[in-house]
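The residues making up each chain are set out below.
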Amino acid sequence: MPPQRLEELGPLINALEAERDADGRWRRWVNERLATDYAALFARLQRLIFLAALGFACVSGWRLQQERTNAIDEGGTTMDRAQLEAFAAYYERITRHPMACLPSRADAVVRLGPSREVRSLEIRR
């Protein structure tokens, strides 16, 4: 996955970034890791299959569903919706970026519906 362009790092995408990364230090650090450490990893991939959710809200909904399933299966406490949204905010940028750039780069794109059903399969290479 390529790093974001520097101008893409400027606009804040959620309240967490506004409160905890207003100067962009964390965003730039993560982006630098994508340009260096992770670039080497991605270069080793022979094929890339991207599982494409409908959007970030769908991904968050899946995570909430997972929390509820864990509570049933494990009998423990899990995050409620507010806690989950706070948790997901840390990963929002690094989730939205591949959703935007990987479909055009992947060898295959599996588009998923809201219940994780396969809506389409695009094989490019």
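Remember, it's a predicted structure, so these values are computed and weren't measured experimentally.

Considering the pattern of salt bridges
1) Next: Scanning the model with the defined rule gives 12 salt bridges in all.
2) Next: A salt bridge links D23 to R25; the shortest N-O distance between them is 3.2 Å.
3) Next: On the basis of relative accessibility, which here comes to 44%, the residue D23 falls in the partly exposed class.
4) Next: Judged by relative accessible area, R25 falls into the exposed class, the value being 58%.
5) Next: The salt bridge involving D37 is made with R33; its shortest N-O contact spans 3.0 Å.
6) Next: Taken together, the shared-partner salt bridges connect E17, D21, R27 and R93 into one network.

So, the packing of aromatic side chains
Each aromatic ring pair is summarised here by two numbers: the centre-to-centre distance and the angle between the ring planes.
1) Next: Under the criterion given, the structure shown has two aromatic pairs.
2) Next: On the numbers, 5.2 Å between centres and 15° between planes, the contact of W26 with W29 is stacked. Taken together, the residues W26 and W29, both in helix α3 (residues 25-35) and three residues apart, mark about one turn of the helix.
3) Next: Residue class for W29 comes out partly exposed when judged on its relative accessible area of 45%.
4) Next: Between F87 and Y91, the aromatic rings sit 5.2 Å apart at their centres with planes inclined by 55°, giving tilted as the arrangement.
5) Next: Given a relative accessible area of 44%, Y91 falls into the partly exposed group.

Definitions and limits used
Residues numbered from 1 in each chain as written. Predicted model: local features only at pLDDT ≥ 70, side-chain atom pairs only at ≥ 80, totals over all residues. Heavy atoms only, no water. Salt bridge = Lys/Arg side-chain N within 4 Å of Asp/Glu carboxyl O. Buried < 20%, exposed > 50% of the residue type's maximum accessible area, 1.4 Å probe, protein only. Phe/Tyr/Trp six-rings, centres within 6.5 Å; stacked < 30°, edge-to-face > 60°. Helix = DSSP H or I, 4+ residues; strand = E, 2+ residues; numbered from the N terminus.

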